[in-house]
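Overview (structure and organization)
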Amino acid sequence: MVMFLFLVVALAVVVAAVTLAVVSGGDSGPLPDAAPERLRDSLPPDRPVGRADVECLRFPLAARGYRMADVDDALGRLGAELAERDARIADLESALSGARAAIAHQHVSMEKPAQEEQQ
């Protein structure tokens with residue numbers, strides 16, 4: 001019987017505490033929705049991406065890992081810049097090999113008359 005009275009009193013205290021919390025907190029209304037965390041330090045739009053930019057890149061956490069849109073944007077930007085750099089490197093290497101071939105051709109053509117003069 002004492003246990004029953006204790007449970008009834010405990011239940012009354014819990015109900016009173018919940019009622020007090022609801023009544024006193026009713027003035028401020030419901031909690032505002034939290035703004036989703038966004039990528040703070042994105043890749044620089046006005047210059048090429050450098051190694052330090054990639055090392056400082058941190059993605060905000062979402063419910064299941066990272067926000068896919070932020071990661072997709074960063075990977076797309078890095079992929080485009082790498083493709084652009086690869087194309088530039090290929091152009092420079094072909095220009096260099098063409099210049100080397102031209103120099104070698106000039107060197108060979110300059111040596112032939114010198115050999116003919118000696119005979």
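Note that this is a predicted model, so its numbers are computed, not measured. (Residues numbered from 1 in each chain as written. Predicted model: local features only at pLDDT ≥ 70, side-chain atom pairs only at ≥ 80, totals over all residues. Heavy atoms only, no water.)

Some details on the overall build of the protein
Helix and strand content of the protein: three helices and two strands. Evaluated residue by residue, the protein yields a buried proportion of 8% over its 119 residues. Within the protein, contacts between residues separated by at least 24 positions form 49% of all contacts whose residues are at least 6 apart in sequence. Surface exposure of the protein reaches about 10600 Å², of which carbon and sulfur atoms provide 64%. (Helix = DSSP H or I, 4+ residues; strand = E, 2+ residues; numbered from the N terminus. Buried < 20%, exposed > 50% of the residue type's maximum accessible area, 1.4 Å probe, protein only. Contact = heavy atoms within 4.5 Å. Areas by Shrake-Rupley, 256 points an atom, 1.4 Å probe, with all protein chains shown as cover.)

Points about the side chain of Glu81
As for its placement among the helices and strands, Glu81 is situated in helix H3 (residues 68-118). The contacts of Glu81, once residues within four sequence positions are left out, are Arg47, Pro48 and Val49.

A word on the pattern of salt bridges
Across all of its chains, the model carries four salt bridges by this definition. Between Asp53 and Arg47 there is a salt bridge; the shortest N-O distance is 2.8 Å. Where Glu81 meets Arg77, a salt bridge forms, and the shortest distance between an N and an O atom there is 2.8 Å. Of the two residues, Glu81 and Arg77 both sit in helix H3, four residues apart, roughly one turn of that helix. Sharing partners across several salt bridges, the network here consists of Arg77, Glu81 and Arg85. (Salt bridge = Lys/Arg side-chain N within 4 Å of Asp/Glu carboxyl O.)

Some details on the nonpolar core
With five residues, the main nonpolar core is built from Leu39, Leu43, Val49, Leu57 and Ala74. Beyond its immediate sequence surroundings of up to four residues, Leu43 is in contact with Val49, Asp53, Leu57, Ala74, Arg77 and Leu78. (Core = buried A, V, L, I, M, F, W, Y, C linked by side-chain atoms within 4.5 Å.)

Let's talk about the packing of aromatic side chains
The description of two aromatic rings rests on the distance between their centres and on the angle between their planes. All told, the structure shown has one aromatic pair when counted by the stated rule. With a centroid separation of 6.0 Å and 65° between ring planes, the pair formed by Phe59 and Tyr66 is classed as edge-to-face. Exposure remark for Phe59: the relative accessible area of 24% places this residue in the partly exposed category. Classification of Tyr66 as partly exposed rests on a relative accessible area of 48%. (Phe/Tyr/Trp six-rings, centres within 6.5 Å; stacked < 30°, edge-to-face > 60°.)

Considering the confidence of the model for the protein
For the protein, per-residue confidence averages 82 on the pLDDT scale, and 84% of positions sit at 70 or higher. Averaged pLDDT values for the elements of the protein fall to 77 in strand E1 (residues 61-62) and rise to 89 in helix H1 (residues 2-24). (pLDDT = per-residue confidence, 0-100.)

Some thoughts on the environment of Arg85
Turning to its location among the elements, Arg85 is positioned in helix H3. Looking at Arg85, the relative accessible area reads 39%, which means it is partly exposed. Not counting residues within four places of it along the chain, the set of residues in contact with Arg85 comprises Pro48 and Val49.

Notes on the side chain of Asp53
For Asp53, the position within the fold is in helix H2 (residues 51-56). Classification of Asp53 by relative accessible area gives buried; the value is 18%. Polar contacts involving the side chain of Asp53 include one to the side chain of Arg47, which spans 2.8 Å. In contact with Asp53, other than residues within four places in its own chain, are Leu43, Pro44, Arg47 and Pro48. (Polar contact = N/O pair within 3.5 Å; in protein donor to acceptor, adjacent residues only side chain to side chain.)

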